Amino acid sequence: MDMSESARSGSEAQQRYNPAEIEPKWQARWDADERLYAAEGHDSGKPKFYCLEMLPYPSGQLHMGHVRNYAIGDALARFMWMRGYNVLHPMGWDAFGLPAENAALKNNTPPAEWTLANIAAMRRQMRRMGLSYDWATEVTTCLPDYYRWNQWFFLKMYQRGLAYRKKSKVNWCPECQTVLANEQVIDGKCWRHEDTVVEQRDLTQWFLRITQYADELLSGLDTLEGWPEKVRTMQRNWIGRSEGTAVDFAVDGAAEKITVFTTRVDTIFGATSVQLAPEHPVARSFAACDPALAGKIEEMIAQQKAAREAGDMGAIEKHGVATGRFAINPYNGERVPIWVANYILADYGTGAIMSVPAHDERDFEFAGKYGLPVRRVIVPKDGANGAGDLPYTAEEDSVLVDSGQWTGESCVAAQQAMSAFAEANGFGTATVTYRLKDWGVSRQRYWGTPIPMVYCEKGHAGIEPGGIVPVPESALPIVLPAQVEITQQGGSPLGRVASFVNTTCPVCGGAARRETDTMDTFVDSSWYFYRYTDSKNSAEAFSSDKANYWFPIDQYIGGVEHAILHLIYSRFWTKVMRDLGMIRNDEPAARLFTQGMVIKDGAKMSKSKGNVVSPDDMIARYGADATRMYALFAAPPDRDLEWQEEGVAGVSRFLSRVHRLTMKYSESAGQRVSESATNAGTGSAEQALLRKLHQTITKITMDFSGRWHFNTCIAAIMELVNAIVASEPQMDSGEVPAAVAAELFRNLTLMLAPFAPFLAAELWETMGGEGAVFRVSWPVADEGLARENEVEIPVQSNGKLVTVVKVPAGSDEATIKAAALADAKVVARLEGKTVVKVIVVPGKLVNLVVK
RNA sequence: GCGGGUGUGGCCAAAAUGGCAAAGGCGGCUGGCUUAGAACCAGCAGAUUGGGAGUUCGAAUCUCCCCACCCGCACCA
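Parameters and conventions
Residues numbered from 1 in each chain as written. Chains lettered and ligands numbered in written order. Predicted model: local features only at pLDDT ≥ 70, side-chain atom pairs only at ≥ 80, totals over all residues. Heavy atoms only, no water. Domains from an automatic or database assignment. Near = heavy atom within 4 Å. Polar contact = N/O pair within 3.5 Å; in protein donor to acceptor, adjacent residues only side chain to side chain. Helix = DSSP H or I, 4+ residues; strand = E, 2+ residues; numbered from the N terminus. Salt bridge = Lys/Arg side-chain N within 4 Å of Asp/Glu carboxyl O. Buried < 20%, exposed > 50% of the residue type's maximum accessible area, 1.4 Å probe, protein only. Disulfide = S-S within 2.5 Å. Pairing = 2+ DSSP bridges. Axes fitted to C-alpha atoms, helices over the stretch in contact; angles between N-to-C directions. Contact = heavy atoms within 4.5 Å. Parallel < 35°, antiparallel > 145°, perpendicular 65-115°, else oblique. Left-handed = near helix turned anticlockwise from the far one by under 90°.

Can you break down the domain arrangement of chain A residue by residue, with the values?
The domain architecture assigned to chain A consists of domain 1 (34-141 + 210-231 + 525-595), domain 2 (148-209 + 438-522), domain 3 (242-433), domain 4 (619-786) and domain 5 (790-850). For domain 2 and domain 4, the distance between their C-alpha centroids amounts to 55 Å.

Spelled out as structure tokens, the structure:
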């Protein structure tokens, strides 16, 4: 009652919290100050901190996933500034890609225009959110000053044999009208069109030799301790390294041979057939003189295609057909039948296997179905001969039987010995196979980086007619023509631009045609974070000095959906740049954080589900501070977050409470704290408040350095504010001195700054604080003030609470025990019983074990 | 099938190393202020932590089994 009166009788300073007023005011000031969020030079004397969020595709609209991602990064960047770091916090645009072409078709707007307008709109939204980006370092991947370096890298890779062209079976998305990399095919569907089945086509395409780095990409994962284990596991699986042996089987009565890949060469004496993929060349050659077989193989291929299109490869039953031909096992000269089977993958290993039913689940099943013999050649070391059920797949503590000269050896030893034997006798070799394939980067699209290659029509010395000639570096960038008719069919749109296609050979000066495919947009995002360190450089992609200062990224933040695609390409690119001598780091990011999804009504927000919440609406209704703070408060950042508008309203209410309190006490809060608060009086209310304050500082500081449970940080701030509210009478009466109030509100504002920067800036100014609030030093907890001087010790009897006794903080075991046993309730409880044992945990509890 | 994650009041969620039957928010309820509502303010109620067993003086926390949901990978030789 006093309170509302004083609130009403208060001055203008007592206005209500109105984010619609204070946020634009601060935004205007921040926008006008280019140096505000600028990183300092290498000589700043401060430790560096590179805080990075994944750059968005400029669709034109920020969504809640972005808001969450950027709220996390922004809180961290501001905190690190307050901790005295030199922070690089950039933002950019992953601006090439198909949506711009689709929009062009739909609205008849050129992709460039559409994209740049979207970027402007989203930049505006980011500024409205108060995100602390250094816009001077902004990178836009669709501009020639950026993509010329894609071209430059491509040339470097070509020189080193890392970029090459080959004809192969590729994934084709009929919707995108372009090929896709393996990583971009999800369950047989396009990563952008989850209902579109990806087809297989034979095309000549450009590839980047990522497999050359397969081993390093794999072993490097072990060094990435700051990455989520989940992501590392996903990448390990994706790379799919597998050690084994390639063994040549001669085809009986023919010159051909079949090379099989096996990880269990030790079981080869148990091989009872050889199985070929339907597409295997030897299968084809058999089919050529066997129409019945040819028919069956065609059927198999057709069935597989149908299954893939139905997205249901698992449902297809394993089946095969005997070719009537035989292969010779080179270890024992045995003739085994050659089959063609639908479950053998043409593009893994050699597309052919030896089938060992006794020691492989799948071979066992297949042999059972077709009555192929099962021959046991491995037994447990200590078990009786032939003991145990088949298939027997263990390798540990197992030995070979019926395996010629290797009989009696352990599996592991035999694998090595038998590989060596094959090598020595010229019919095999130890081999490593990867699931990872080279990265197909050609796209038959317009809106991407032109591949800097031409085809010399007549050819010249060393180049056959139509041969590949790289464009010289001095001719870069190859600029994307502006006037292009975008259509949905008929190959790359660039192919129809005569002025682009027709050129001259840079070597012989004769007629030449330009490559009309463009690069996969994942090329753009593979190295953009290096460009941030030197985004205006027109002489090189970036200066090594600058990159070496800022890299590795100290914290990278983004969605887990990029665990394979973007994050494996980026790691590859980093290693290539290192080998080019441009950087020293082996990995792009020391720490990676993958935030959870934003969910609404139990499902991921999506237009098709109609459950999208617009950030603009939220900001208009509750303000940017409340919106972003809610995104941090509603769940730990790594978990999925259910968007509940009432929750945003709750955060908004909390902020207005902070505003009201700070305004009410702003005069005292504005006083310089002339004497150290540790010398303040000893009133219990003020002590309690100061204790709470310093406990809160400790907690938040800890959370920022470790696990980032911002939800609990914010909850802790709420607790502090609740405690202040509860002590309002004491503050009004002066029982809590003004100096203490000043200490409280000053620190409250500082702690709020990473989460609600607009309000923090406003309150800081009101209190007469100097400079930008997020460049003030982060508060340091005073342990003496945080410590309780008296602690409550629960006393249990057999684990059940009996009472609570108060003892001075730091009391020793004996004191606590004595206090507990002296308590009236305890005495009553113990009547007629025997205390068997007393457990005292100093500072924690007392547990009496009684009978 | 394999790998990873999650399960705490009506809802979102918190609880280093096991230690007061469990923070904070939303929602609900009561009261104040209001012509009334909104907003605001004061206060209240509400959970034996998916199920079961075990270890322990003591378990949301450790172990084992089971259930549910989610996310990766999936005929990889």
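Next comes the rest of the description.
An account of the protein's contact with RNA strand B is requested, with residue identities and associated values reported.
Not every one of the 46 residues close to RNA strand B is listed here, only the nearest: T263, K318, R653, E719 and N847. When the atoms of RNA strand B within 4 Å of the protein are grouped by moiety, sugar and phosphate amount to 65% of the total. In the model, a sugar or linking oxygen of RNA strand B is placed 2.7 Å from a nitrogen or oxygen of the R16 side chain. In this structure, a phosphate oxygen belonging to RNA strand B sits 3.5 Å away from a side-chain N or O atom of N722. Sorting the residues of the surface near RNA strand B by element identifies α8 (229-239), β11 (257-262), α20 (645-664), α23 (710-726), β31 (790-797), β32 (800-808), β33 (835-841) and β34 (845-850) as the ones contributing at least two each. With seven residues, α23 is the largest single contributor of residues to the surface near RNA strand B.

Could you give an account of the pattern of salt bridges, naming the residues involved and the relevant values?
Throughout the structure, instances matching the rule amount to 37 salt bridges. With a closest N to O distance of 2.6 Å, D252 and R335 form a salt bridge. Here the residue D252 occupies a position in the loop between β10 (242-251) and β11, and R335 occupies one in strand β14 (residues 335-341), the gap between them amounting to 83 residues. Overall, D252 belongs to the partly exposed group, its relative accessible area being 31%. When its relative accessible area of 47% is taken as the criterion, R335 is described as partly exposed. Linking D586 and R578 is a salt bridge whose minimum nitrogen-to-oxygen distance equals 2.7 Å. Residue class for R578 comes out buried when judged on its relative accessible area of 18%. Linked through salt bridges whose partners overlap, the residues forming this network are E216, R571, K575, R578, D579, D586 and E587.

Could you give an account of the state of the cysteines, naming the residues involved and the relevant values?
Cysteine pairs can be covalently joined through their sulfur atoms, and such a bond is termed a disulfide. Applying the stated rule across the entire model yields zero disulfides. Free of any disulfide, C51 has its nearest neighbouring cysteine sulfur in C713, separated by 15 Å.

I'd love a proper account of the sheet that holds strand β1 (residues 48-53), names of residues and values included.
Strand order in this open sheet of four strands is β2-β1-β26-β27, and the pairing throughout is parallel. Both edges of this open sheet fall to β2 (86-88) and β27 (592-595), since each of them pairs with a single strand only. Averaged over neighbouring strand pairs, the angle between their axes works out to 20° when direction is ignored. Note that β1 and β2 share three bridges and pair parallel.

How would you sum up the side chain of T449? Please name residues and give values.
With respect to the secondary-structure elements, T449 resides in the loop between β20 (442-443) and β21 (453-456). Here the side chain of T449 touches N150 through a polar contact of 2.9 Å, side chain to side chain. Once you skip the residues sitting within four places of it in the chain, T449 turns out to touch F96, Y147, N150, Q151, T518, M519 and D524.

Would you mind going over the sheet that holds strand β28 (residues 598-600) in detail, with residue names and values included?
Spatially, β29-β28-β30 is the arrangement adopted by the three strands of the open sheet, whose pairing is mixed. Both edges of this open sheet fall to β29 (603-604) and β30 (641-642), since each of them pairs with a single strand only. Alignment of β28 against β29, held across two bridges, turns out to be antiparallel. Of the residues in β29, the one forming a bridge with K600 is A603.

Tell me what's going on with the pairing of β10, and back it up with residues and numbers.
Within β10, eight of the ten residues are buried, which leaves the element mostly enclosed by the surrounding structure. Pairing analysis gives six bridges linking β10 to strand β18 (residues 428-433), with the strands arranged antiparallel. Bridged to V247 within β18 is G428. Strand direction decides the pairing type here: β10 and β11, joined by six bridges, are antiparallel. Residue pairing for β11: F249 is matched across the bridge by I258. Linking β10 back to β11 in an antiparallel pair, the connection comprises five residues, with G253 at a positive phi of about 80°.

Tell me what's going on with the environment of N711, and back it up with residues and numbers.
By the secondary structure assignment, N711 is in helix α23. Judged by its relative accessible area of 13%, N711 is buried. A sequence separation of 531 residues divides N711 from L180, and the C-alpha atoms of the two residues are 39 Å apart. For N711, the contacting residues outside a window of four places in its chain are L632, F633, A635 and P636.

Go over the packing of α20 against α23, please, and point to the residues and values.
At their nearest, the axes of α20 and α23 sit 11 Å apart, and the two run at 45° to each other. Regarding the angle of α20 to α23, the classification is oblique. You can see that α20 and α23 cross each other, and the crossing is left-handed. In contact with F654, R657, V658 and L661 of α20, α23 contributes I717, M718, V721, N722, I724 and V725.

Kindly report on unusual backbone geometry, identifying the contributing residues and their values.
Looking along the chain, the bond that leaves L476 and enters P477 is cis, with omega of 0°. By secondary structure assignment, the location of P477 is in the loop between β22 (467-470) and α13 (498-501). Following F551, the chain continues to P552 via a peptide bond in cis, the omega torsion being 0°. Residue placement: P552 occurs in the loop between α16 (544-550) and β26 (555-559). Phi is positive for D397, close to 50°, though the residue is something other than glycine. Within the element layout of this structure, D397 appears in the loop between β16 (378-380) and β17 (398-400). Residue classification places D397 among the exposed positions, given a relative accessible area of 55%. At D402, a residue that is not glycine, the phi angle is positive and equals roughly 50°. For D402, the location among the structural elements is in the loop between β17 and α12 (411-424). The class of D402 is exposed, set by a relative accessible area of 58%.

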